[in-house]
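Here are the chains, one letter per residue:
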Amino acid sequence: MRILVDSKDYSTPSNFAVIFPEPITASRFRILKCGLPYTTYNIRSNVNNNVTIKEGVTDYTTTLTPGFYTITTLMAHMVTKINAIPGILYVYSMASDNNTSLVTISATGSFIVRLSVSGQPWGMLGFEGTTDTGSATSHTGTLVPILIERYFRIICHELTRNLMFSDYYRGADSSTLLIVPIDNDHGTILTADLDDRIEANFHGPVRFKTLDFELTFEDGLEQANLNGGRWYILFE
């Protein structure tokens, strides 16, 4: 019996329940196909779209527009938004070193990067830790910027909790049914490596009435918003 799960059939495509008309019983399953569009944003509301810097004793915060950015477009957008903050004293600029790729933010006066404030994009730009910088006219990240996640997780507790044996990796989260690597350009369709077919056995026959699916980023916690895109998984 083949089952096609397609997110277009559900109003919440990152978290939904497949309800079968009649319960089904299975002792194993095999994933045949999977595909999802790489249409998520790397700057997301309530996740990392606020930027806070401090001049003297005053914090200045601006909100970035959610979207998918490269290093170049993100730095340009951040500088535009920071320099437009009402009352800000200095003029800011950002650059990426051609040799090291490290990002530097500079200003015409001394300022502090508020790494301790949550919901900011500094980490993805290579600014390590959660301790504010000192006060200086420029600050440089210590790590090469990483603006994309490594993979998506497809989670289905009902299928994974009864597994006896599996010959595919699922990551640290035992509820992860499938990992889909982000190995192509933004806007393309991503697929998992199914050359050998992904197959697993249960401890014994298991009866299912409902299968709950969740699509998350690699942390397994934040649901992945495909911004209108649809994903599917076919198994038997």
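Anyway, here's the lowdown on the structure attached to this text. (Residues numbered from 1 in each chain as written. Predicted model: local features only at pLDDT ≥ 70, side-chain atom pairs only at ≥ 80, totals over all residues. Heavy atoms only, no water.)

## As for the overall build of the protein
- Within the protein one finds 2 helices and 13 strands.
- The contacts in the protein between residues at least 6 apart in sequence include a share of 66% that link residues at least 24 apart.
- Of the roughly 12000 Å² of accessible surface on the protein, a fraction of 50% belongs to carbon and sulfur atoms.
- In the protein, 17 positive and 24 negative side-chain charges are present, and the distance between their average locations comes to 7 Å. (Helix = DSSP H or I, 4+ residues; strand = E, 2+ residues; numbered from the N terminus. Contact = heavy atoms within 4.5 Å. Areas by Shrake-Rupley, 256 points an atom, 1.4 Å probe, with all protein chains shown as cover. Lys, Arg positive; Asp, Glu negative; His and termini not counted. Charge placed at Lys NZ, Arg CZ, Asp CG, Glu CD.)

## Brief notes about the environment of Ser-138
- In this fold, Ser-138 is placed in strand β7 (residues 136-140).
- With residues near it in sequence (within four places) discarded, Ser-138 still touches Thr-104, Ile-105, Ser-106 and Phe-111.

## Some thoughts on unusual backbone geometry
- Residue Ser-101 is not a glycine yet carries a positive backbone phi of 70°.
- Note on placement: Ser-101 falls in the loop between β5 (92-96) and β6 (103-113).
- On the accessibility criterion, Ser-101 (31% relative accessible area) is partly exposed.
- In this structure, Asn-227 takes a positive phi of about 55° despite not being glycine.
- Inspection of the secondary structure assignment puts Asn-227 in the loop between β12 (198-217) and β13 (232-235). (Buried < 20%, exposed > 50% of the residue type's maximum accessible area, 1.4 Å probe, protein only.)

## Observations concerning helix α1 (residues 71-83)
- Between its first and last C-alpha atoms α1 spans 18 Å; for 13 residues at 1.5 Å apiece the expected length is 18 Å, and the two agree.
- Taken as a whole, α1 has its buried residues at Leu-74, Met-75, His-77, Met-78, Val-79 and Ile-82. (Expected span 1.5 Å × (residues − 1).)

## Regarding the side chain of Arg-44
- Relative to the assigned elements, Arg-44 resides in the loop between β2 (15-37) and β3 (50-55).
- By relative accessible area, Arg-44 is classed as buried at 13%.
- In terms of polar contacts, Arg-44 uses its side chain to reach the side chain of Glu-149, at 3.3 Å. (Polar contact = N/O pair within 3.5 Å; in protein donor to acceptor, adjacent residues only side chain to side chain.)

## Overview of the nonpolar core
- Residues Phe-152 and Phe-213 are the most contacted members of the largest nonpolar core, which totals 35 residues.
- Setting aside residues no more than four positions away along its own chain, Phe-213 makes contact with Val-5, Ser-14, Asn-15, Phe-16, Val-18, Ile-154, Ile-155, Cys-156, Leu-177, Trp-231, Ile-233 and Phe-235. (Core = buried A, V, L, I, M, F, W, Y, C linked by side-chain atoms within 4.5 Å.)

## Comments concerning the pattern of salt bridges
- All told, the structure shown has 9 salt bridges when counted by the stated rule.
- The shortest N-O distance in the salt bridge between Glu-236 and Arg-30 comes to 2.4 Å. Here Arg-30 lies in strand β2 and Glu-236 lies in the segment after β13, a separation of 206 residues in the sequence.
- Overlapping salt bridges bring together Arg-2, Arg-30 and Glu-236 as one network. (Salt bridge = Lys/Arg side-chain N within 4 Å of Asp/Glu carboxyl O.)

## Describing the pairing of β2
- In this structure, β2 lies alongside β13, joined through 4 bridges in antiparallel fashion. Within the sheet, the bridge partner assigned to Cys-34 lies in β13 and is Ile-233.
- By the bridge criterion, 2 bridges tie β2 to strand β11 (residues 189-190) in an arrangement that is antiparallel. Bridge pairing in β11 places Pro-37 opposite Ile-189. (Pairing = 2+ DSSP bridges.)

## Side note on the packing of aromatic side chains
- Inspection of the entire model under this criterion finds 9 aromatic pairs.
- Here the aromatic residues Tyr-10, Phe-16, Phe-213 and Trp-231 are joined through ring pairs into a cluster of three or more.
- Stacked on the ring of Phe-217, the Lys or Arg Arg-44 has its end atom at 3.9 Å from the ring centre. (Phe/Tyr/Trp six-rings, centres within 6.5 Å; stacked < 30°, edge-to-face > 60°. Lys NZ or Arg CZ within 6 Å of the ring centre and 35° of its normal.)

Any functional reading would require information that these geometric values do not contain.
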